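Structure at a glance
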Amino acid sequence: MQFTKMHGAGNDYVYVDCFAQPTPDDVEQLARQVADRHLGVGGDGLILICPSEQADAEMRMYNADGSYSEMCGNGIRCVAKYLYDHDIAKKDKLAIESAGKVLTLEVSTTAGKVDRVRVDMGEPVLDAAHIPTLLPGDPVVAVPVNALGTLFRVTSVSMGNPHCVLFVDHASDELVFRVGPILERHEAFPNRVNVEFVEQLAPDRLRQRTWERGSGETLACGTGASAVCVAGVLTGRTNRKVTIELLGGELELEWNETDNHVYMTGPAEEVFSGEWNIS
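1. Some remarks on the overall build of the protein
For the protein, the helix and strand inventory stands at 4 helices and 18 strands. Radius of gyration (C-alpha) of the protein: 18 Å, near the 19 Å computed for a compact globule of 279 residues. Taken along the three principal axes of its C-alpha coordinates, the protein extends 50 × 40 × 30 Å. Expressed as a percentage of the 279 residues in the protein, the buried residues total 58%. Long-range pairs, those at least 24 residues apart, make up 61% of the contacts in the protein between residues at least 6 apart in sequence. Accessible surface, the protein as shown: approximately 11500 Å² in total, 46% of it carbon and sulfur.

Written out as structure tokens, the structure is:
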């Protein structure tokens, strides 16, 4: 099986071109194997780039633990880069399907290769039942949740996958590695949840660390950054346009007031390609 390693702001995945080769069997097990940073290729998960009947391609994304995820903002930017750079769909504007939803992406190029991508992430889901979360409120804004004996005020948003956002003074290792796993599997989130710990630096600048459902801490999370942008507005902390600092780089976000869509702009990079032996 041929694969390509790519990342968006450090959020790295192993990509398989299913236009050129068959879709692999037992994808969940394969994701666990290739994502292993000691025994495999290493990454936050596995992404299949597949033909689509309603778009230029379909993205199928699996976390490092083999679980399926509905959406990946950094991953879908890399899919756009792959489609353009590898001549599958060499267009400035691309349509990519993920979990039955089609997103529009605009690519920017340098020397004929894509280096940045702007994604229309769509409208945020703020209805608690469809996030889903059992927390009260539509929207769920600054609701107290108990974790390890401490009350944290969380704002919950879905950007195709569920998120809970905590604004904190310092996004410490203690919070990320102890509180993150507790909140990921908290009873208030029946499908588990991605957890964002956010420091506010200014009304238009934030710093974010993410405990990602099924993968642990990742260097960036595009859907998480989108949820953070929305949560900042809902809590009255930020402007609708923000720059978010992540461990792997920066993303630019806008929650557009006119169409209610969230737009994310950030890098996409190809690292290397190789061959994985499937036994």
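2. A look at the pairing of strand S4 (residues 57-63)
Of all the 7 residues making up S4, 6 are buried; the element is thus mostly covered by neighbouring parts of the structure. Relative to S4, strand S3 (residues 45-50) is paired through 6 bridges, and the arrangement is antiparallel. Residue Leu48 lies in a different strand from S4, and its bridge partner there is Arg60. Counting the residues between successive antiparallel strands, the hairpin from S3 to S4 contains 6 residues. With 3 bridges connecting them, S4 and strand S6 (residues 93-98) associate as parallel partners. Looking at the pairing, Glu58 lines up with Glu97 of S6. In the sheet, S4 pairs with strand S5 (residues 68-69) via 2 bridges, with the strands oriented antiparallel. By the bridge assignment, Tyr62 is partnered in S5 with Tyr68.

3. Re the side chain of Lys81
Looking at the element boundaries, Lys81 is found in helix H2 (residues 73-85). Under the relative-accessibility criterion, Lys81 is labelled buried at 7%. What Lys81 contacts, discounting residues up to four positions off in sequence, is Met6, His86, Lys113, Val114, Ala268, Glu269 and Glu270.

4. Details of the pairing of strand S15 (residues 241-246)
The element S15 is largely enclosed, with a buried count of 5 among its 6 residues. Relative to S15, strand S13 (residues 205-212) runs parallel, the two sharing 3 bridges. Within the sheet, the bridge partner assigned to Leu206 lies in S15 and is Ile244. Where S15 meets strand S16 (residues 249-255), 6 bridges bridge the pair, whose relative direction is antiparallel.

5. Looking at the pattern of salt bridges
Under the counting rule described, the total for this entry stands at 18 salt bridges. Arg192 is paired through a salt bridge with Asp65; the nearest N and O atoms lie 3.6 Å apart. Of this pair, Arg192 sits in the loop between helix H3 (173-184) and strand S12 (194-202) while Asp65 sits in the loop between S4 and S5, placing them 127 residues apart in sequence. Owing to a relative accessible area of 30%, Asp65 belongs among the partly exposed residues under this scheme. Here Lys90 and Asp87 are joined by a salt bridge, their closest N and O atoms 3.2 Å apart. For Lys90, a relative accessible area of 45% puts it in the partly exposed group.

6. Focus: the packing of aromatic side chains
Overall, the coordinates contain 4 aromatic pairs when judged by the stated rule. An angle of 80° between the planes, with centres 6.2 Å apart, marks the rings of Phe3 and Phe272 as edge-to-face. In this pair, Phe3 is assigned in strand S1 (residues 2-8) and Phe272 in strand S18 (residues 269-275), connecting sequence segments 269 residues apart. We classify Phe3 as buried; its relative accessible area is 7%. Here the aromatic rings of Phe177 and Trp211 are separated by 6.2 Å at their centres, their planes lie at 90°, and the arrangement is edge-to-face. Separated by 34 residues along the polypeptide, Phe177 in helix H3 and Trp211 in strand S13 bring together distant segments of the chain. With relative accessibility at 14%, the residue Trp211 sits in the buried group.

What counts and how
Residue numbering note: each chain is counted from 1, following its sequence as written. Totals for whole chains, interfaces and linings use all residues, but because this is a predicted model, local features are given only for residues with pLDDT of at least 70 and pairs of side-chain atoms are given and counted only at 80 or more. Only heavy atoms go into the side-chain values, all of them from the structure, while hydrogens and water stay out. Per the convention used, a helix needs a DSSP run of H or I reaching at least four residues, while a strand needs a run of E reaching at least two, with both numbered from the N terminus. Just to be clear, the radius of gyration here is over C-alpha atoms, and the globule rule we use is 2.2 Å times residues to the power 0.38. Here the term buried applies to any residue with accessible area under 20% of the maximum for its type, exposed to any over 50%, and partly exposed to those in between, with areas from a 1.4 Å probe on protein chains only. We call two residues in contact when some of their heavy atoms are within 4.5 Å. Each accessible area value is a Shrake-Rupley result obtained with a 1.4 Å probe; residue values ignore everything except the protein chains displayed when judging cover. By the convention used here, strands pair only if DSSP detects at least 2 bridges between them. Salt-bridge detection follows one rule: a side-chain nitrogen of Lys or Arg within 4 Å of a carboxyl oxygen of Asp or Glu. Any two rings among Phe, Tyr and Trp, with Trp reduced to its six-membered ring, count as a pair given centres within 6.5 Å; such a pair is stacked if its planes are under 30 degrees apart, edge-to-face if over 60, and tilted if neither.

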